[in-house]
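This is what each chain is made of:
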Amino acid sequence: MKCFRRVLAFALTFVLCFSIAGCGKKPASSTSSNLADVTELEKVPDQTTEATEEITEATTEIAAPISVQVEKHYYTTWDDAYAKCYLESELQYPYIKEDVCPELKEAVNAEHDKELANDQKTNEGLIKSSKEENSDTPYANSNTISVKRADSNVFSYVSSFYSNMGGVHGMNGQTCFNYDARTGERIVLSDICKDEAKFEEAVYDALVKTYDADEVSGWDSYKENINFNAKVDEAGYIFCIEQTGISVYFNPYDIAAYASGSFQVFIPYSEDLFYEQYFNAPDYYISTITPEIANYIDLNDDGEVDSLTTNITSDENYGYTKAVITINGIEKSFDLYSFDADWYYVHSANGNYIYMSASIENDYKYLYVFKVNSKNKVRKIEDDNDLYGFPSENLKEGEDYYGRVTIPTDCDHLFIEKRSSLLSTYFATKECKVGDDGYPAEYDGLAVVTSDLKLKLKKDLELYVVNDQTGEETKEAYTLKAKDKIIIYKTDFTSIVDVKTKEGKVLRIHVKDKVYSDDNIYGQSVNGIPIEDLFKNLIFAG
């Protein structure tokens with residue numbers, strides 16, 4: 001976001017959940033010119049050996065996926081008197097909830113809070129400027145996050161930004177954040193790359209291989225003015241550490257004119273160019289695909305890096321859209337009824353897949369799964385299940401509101417949101433893993449309801465208490481009284497709904513579904529009683 005704000009300042013004057021391994025701490029390094037200090041070290045040479053062994057142990061330990069959430073803030077300022085919008089803003093920040101890597105959690109979340117406060121001040125200034133300029137179009141200030149790597153060794157993500165301050169055109173580009181997950185420290189290029197000259201050669205070779213040499217004519221000027229050893233707050237290469245190498249990004253104006261857009265190249269890991277401590281990544285993982293730009297991934301495990309681009313196109317004549325997946329220049333499209341989607345690459349023990357979580361009517365999300373075969377061909381996996389996208393927490397309403405989305409990073413622990421129609425219409429989150437067919441396979445247990453949906457009893461109802469730890473129904477009876485309020489808590493989507501009382505007791509309701517009659521318009525009953533005779537505040541959506 002710092003790079004984002006630098007560009008923003010220039011224009012103005014310009015974001016699964018359980019890990020199986022912990023994070024060890026990276027040993028601190030120090031130097032001293034004091035001769036007495038050196039002499040003291042010579043007396044205890046084992047310290048050097050111990051430090052080397054600690055580094056070796058930390059870097060050879062199998063990295064495990066860690067859980068990441070992306071917090072999305074939406075901010076729109078509308079003036080009813082003038083029927084005018086002054087600012088449209090959607091800002092995203094990563095947020096780490098679990099304590100698997102405490103140093104990383106502390107660093108990322110602290111950065112999150114600081115960036116949020118700064119961006120809120122920026123938005124206030126943009127609103128004021130937009131009103132003063134009386135702009136015909138709203139100012140824009142947005143970014144989206146693509147989590148490229150999230151494990152107990154490295155956490156890296158790309159922030160793609162867009163801003164428009166009423167000029168001839170907006171400004172867009174990428175900035176990257178790379179963290180050592182063991183220490184929480186930001187990784188700079190000299191931490192991972194051994195040789196500046198070799199790196200420059202590798203980047204230029206990749207540029208002219210990916211693009212035409214004339215397109216990147218500004219390379220020589222760029223590299224002379226960029227700092228290879230740049231610290232986090234300085235102008236350096238924009239790079240992202242991934243599973244098999246690093247991606248390097250060049251924004252508009254960096255090495256070519258604005259009309260040429262952004263550039264991106266991928267540099268595979270090699271022992272002569274990079275230090276090995278960040279090579280170690282999980283064997284199986286899920287990474288976010290940034291839409292509309294090239295993503296460099298070994299899609300079929302043949303040792304060769306492939307170019308993957310995803311986007312959604314629309315047909316204005318017929319009003320439908322297509323999902324377009326392009327691998328190494330070969331394009332394949334699929335009919336779709338959505339204008340927005342989140343994309344993920346799934347590298348699992350059961351095969352390699354592309355997940356597309358697409359927004360449809362009423363902001364519902366439907367999960368489409370595509371399989372990538374050994375020849376980098378892609379096909380859509382047909383399935384008629386009703387899985388809906390990756391879950392978001394309840395949005396906080398108001399002019400500035402937000403929600404957190406759980407980003408899939410772990411093939412064995414991902415959380416999927418499904419719609420339930422038992423006792424009302426709502427969404428519930430289910431823990432899953434990547435199944436044999438590529439679709440998420442549900443673990444045992446009930447799904448947790450993500451909304452705070454309350455029902456009021458019309459008459460007494462006797463239920464049994466549930467052990468919330470084991471999920472088992474006990475023999476303890478509990479009678480809900482008329483006018484008592486309960487919260488829908490968990491469900492199996494077919495016949496069971498667990499509810500919570502105001503005292504926190506968990507009770508199980510067995511619902512008989514799809515038995516319609518004149519006296520049972522919802523088709524559901526409990527203990528033989530139609531649900532409309534038992535509960536107030538039932539809410540069903542079509």
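Draft legend 1. Representation of the overall build of the chain within the structure. Looking only at helices and strands, the chain features 8 helices and 32 strands. A total accessible area of about 26900 Å² is found for the chain, and carbon and sulfur atoms account for 47% of it.

Draft legend 2. Layout of unusual backbone geometry. Despite not being glycine, Asn-328 has its phi angle at roughly 50°, a positive value. On the secondary structure map, Asn-328 appears in the loop between strand 12 (320-327) and strand 13 (330-336). On the basis of relative accessibility, which here comes to 41%, the residue Asn-328 falls in the partly exposed class. Of note, Lys-483 is a non-glycine position whose phi angle comes to about 80°, a positive value. Along the chain, the position of Lys-483 falls in the loop between strand 26 (472-480) and strand 27 (485-491). For Lys-483, a relative accessible area of 65% gives the class exposed.

Draft legend 3. The arrangement of the nonpolar core in detail. In this structure, Leu-104, Val-147, Phe-155 and Tyr-355 are the most contacted members of the largest nonpolar core, which totals 33 residues. With 3 residues, strand 3 (residues 139-150) is the single largest residue contributor to this core. Among all residues touching Phe-155, those that are not within four sequence positions of it are Val-68, Pro-94, Ile-96, Leu-104, Val-108, Val-147, Arg-149, Ala-150, Phe-177, Asn-178 and Tyr-179.

Draft legend 4. Representation of the pairing of strand 2 (residues 84-95) in the model. With 10 of its 12 residues buried, strand 2 lies for the most part within the structure. Looking at chain direction, strand 1 (residues 68-79) and strand 2 are connected through 11 bridges and run antiparallel. Bridge pairing in strand 2 places Thr-76 opposite Glu-88. Here 2 bridges tie strand 2 to strand 3, and the two strands are oriented parallel to one another.

Draft legend 5. Representation of the confidence of the model for the chain in the model. Of all residues in the chain, 85% attain a pLDDT of 70 or more, and the chain-wide mean is 84. Low pLDDT, under 50, characterises residues 1-22; the predicted model gives this stretch 84 contacts beyond four residues in sequence or across chains.

Draft legend 6. Summary view of the pattern of salt bridges. In the structure shown here, the tally under the stated rule is 11 salt bridges. The residue Glu-111 makes a salt bridge to Lys-114 at a minimum N-O spacing of 3.7 Å. Of the two residues, Glu-111 and Lys-114 are both situated in helix 4 (residues 102-133); the distance of 3 residues between them amounts to about one turn of the helix. Owing to a relative accessible area of 12%, Glu-111 belongs among the buried residues under this scheme. Note on Lys-114: relative accessible area 40%, which makes it partly exposed. The salt bridge involving Lys-322 is made with Asp-335; its shortest N-O contact spans 2.6 Å. Pair noted here: Lys-322 is in strand 12 and Asp-335 is in strand 13, with a separation of 13 residues, a long-range link.

Draft legend 7. Here's a closer look at the sheet that holds strand 6 (residues 238-241). In space, the 3 strands of this open sheet follow the order 6-7-8, with antiparallel pairing throughout. The open sheet has two edge strands with one neighbour each: strand 6 and strand 8 (263-268). Averaged over all pairs of adjacent strands, the angle between their axes in this sheet comes to 20°, without regard to strand direction. Both strand 7 (residues 245-250) and strand 8 contribute to a ladder of 6 bridges, which runs antiparallel. Residue Ile-246 lies in a different strand from strand 8, and its bridge partner there is Ile-267. Seen against the sheet, helix 6 (residues 196-210) touches strand 7 and strand 8 and runs at an angle of roughly 125° to strand 8.

Draft legend 8. Examining the sheet that holds strand 12 more closely. The strand order 10-11-12-13 describes an open sheet built from 4 strands, whose pairing is antiparallel. For this open sheet the edge positions go to strand 10 (295-297) and strand 13, each flanked by a neighbour on one side alone. Averaged over all pairs of adjacent strands, the angle between strand axes in this sheet comes to 25°, irrespective of strand direction. One ladder, built from 7 bridges, connects strand 12 with strand 13; its direction is antiparallel. Paired with Ile-325 across the bridge in strand 13 is Lys-332.

Draft legend 9. Molecular detail of the side chain of Asp-410. For Asp-410, the location among the structural elements is in the loop between strand 19 (400-407) and strand 20 (414-420). Lys-433 is the oppositely charged side chain nearest to the buried, salt-bridge-free Asp-410, at an N-O distance of 11 Å.

Draft legend 10. Highlighting the pairing of strand 15 (residues 351-359). Within strand 15, 9 of the 9 residues are buried, leaving the element largely enclosed by the surrounding structure. Of the two faces of strand 15, the one carrying Gly-351, Tyr-353, Tyr-355, Ser-357 and Ser-359 and the one carrying Asn-352, Ile-354, Met-356 and Ala-358 are both buried. Bridge count for strand 14 (residues 340-348) against strand 15 is 9 bridges, and the pairing is antiparallel. Within strand 15, the residue paired with Val-346 across the bridge is Tyr-353. Counting the residues that bridge the hairpin from strand 14 to strand 15 gives 2 residues. Pairing of strand 15 with strand 16 (residues 365-372) involves 8 bridges; the strand directions are antiparallel. Each bridged residue has a counterpart across the sheet, and for Tyr-353 the counterpart in strand 16 is Lys-371.

Scoring rules and cut-offs
- Residues numbered from 1 in each chain as written.
- Predicted model: local features only at pLDDT ≥ 70, side-chain atom pairs only at ≥ 80, totals over all residues.
- Heavy atoms only, no water.
- Helix = DSSP H or I, 4+ residues; strand = E, 2+ residues; numbered from the N terminus.
- Areas by Shrake-Rupley, 256 points an atom, 1.4 Å probe, with all protein chains shown as cover.
- Buried < 20%, exposed > 50% of the residue type's maximum accessible area, 1.4 Å probe, protein only.
- Core = buried A, V, L, I, M, F, W, Y, C linked by side-chain atoms within 4.5 Å.
- Contact = heavy atoms within 4.5 Å.
- Pairing = 2+ DSSP bridges.
- pLDDT = per-residue confidence, 0-100.
- Salt bridge = Lys/Arg side-chain N within 4 Å of Asp/Glu carboxyl O.
- Axes fitted to C-alpha atoms, helices over the stretch in contact; angles between N-to-C directions.
- Lys, Arg positive; Asp, Glu negative; His and termini not counted.

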